[in-house]
Amino acid sequence: MKLIIAIIKPFKLENVRDALTSIGVQGLTVSEVKGYGRQKGHTEIYRGAEYAVNFLPKIKIEIAVPANRADKVVETIITAAKTGQIGDGKIFVTPLDHAVRIRTGETDSNAL
């Protein structure tokens, strides 16, 4: 099993969710997060005053999938989230040792 963590632009969330649903992903977790990458934030002008935005709003998506589906899920996220502009985000794939469905007690791939 693999845990896929994707950090994307907020306005791309619906596109990513729809694309993942179309390939059969049944569940995911979404969090609103803030952070920065290479762009290190930016400056904005609000009511004539300039101020620095050091942490940009992003969306963090976490998806647990069987190992043989991880590459397809990653490709789908890339296709749906890409704008070609700086700040499109990152995807991290990590091993997932154990999963348990609390309601039924099912474990590992059966719990996904």
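Look above for the structure.
So, here is what we can say about the structure in this document. (Residues numbered from 1 in each chain as written. Predicted model: local features only at pLDDT ≥ 70, side-chain atom pairs only at ≥ 80, totals over all residues. Heavy atoms only, no water.)

A word on the side chain of Lys9
Selection rule: Counting from the N terminus, the helices are DSSP H or I runs at least four residues long and the strands are E runs at least two residues long. Definition of a polar contact: a pair of N or O atoms within 3.5 Å, with one able to donate and the other able to accept a hydrogen when the atoms are protein atoms, and with sequence-neighbouring residues admitted only if both atoms are side-chain atoms. Residues count as neighbours in contact if any of their non-hydrogen atoms are within 4.5 Å of one another.
In this fold, Lys9 is placed in the loop between strand S1 (2-8) and helix H1 (13-22). Among the polar contacts listed, one links the side chain of Lys9 to the backbone oxygen of Ile86, at a separation of 3.4 Å. The contacts of Lys9, once residues within four sequence positions are left out, are Lys58, Thr83, Gln85, Ile86, Gly87 and Asp88.

Section: the pattern of salt bridges
Test applied: What makes a salt bridge here is a side-chain nitrogen of Lys or Arg within 4 Å of a carboxyl oxygen of Asp or Glu, nothing more. Between buried and exposed lies partly exposed: a residue is buried under 20% and exposed over 50% of the maximum accessible area for its type, with that area taken using a 1.4 Å probe on protein chains only.
Enumeration according to the criterion identifies four salt bridges in this entry. Across the pair Asp88 and Lys9 runs a salt bridge whose closest N-O atoms are separated by 3.8 Å. Remark: Lys9 occurs in the loop between S1 and H1 and Asp88 occurs in the loop between helix H2 (70-81) and strand S6 (89-95); sequence separation between them is 79 residues. In terms of burial, Asp88 and Lys9 fall into one category: buried. Between Glu14 and Arg17 there is a salt bridge, with the nearest N and O atoms lying 2.9 Å from each other.

Points about the layout of surface pockets
To be explicit about the condition: Only protein atoms enter the 1 Å grid used here, on which a cavity is any set of points holding a 1.4 Å probe that cannot leave and a pocket is any open set flanked by protein within 12 Å on both sides along at least five of seven lines; residues with an atom within 4 Å of a point are listed as lining. Grid points are joined across faces, edges and corners, and a volume is the space filled by probe spheres set on the points. Gly is put with the polar residues, along with every residue not named as nonpolar or charged; the nonpolar set is Ala, Val, Leu, Ile, Met, Phe, Trp, Tyr, Cys and Pro, and the charged set is Asp, Glu, Lys and Arg.
Estimated volume of the largest pocket: approximately 330 Å³. Contributing to the lining of the largest pocket are 15 residues, with Gly27, Ile63, Ala64, Val65 and Leu112 lying nearest its centre. Per-element accounting of the lining of the largest pocket gives the leading share, four residues, to strand S5 (residues 56-65). Partitioning the lining of the largest pocket into residue classes produces eight nonpolar, five polar and two charged. Its boundaries defined by the atoms lining it, the second largest pocket holds a volume of some 280 Å³. Looking at the second largest pocket, it is lined by 15 residues, and the ones nearest its centre are Tyr36, Gly37, Gln39, Gly89 and Lys90. Contributions of two or more residues to the lining of the second largest pocket are made by strand S2 (29-35) and S6. A class-by-class count of the residues in the lining of the second largest pocket yields five nonpolar, five polar and five charged.

By themselves, these figures tell us nothing about what the structure is for.
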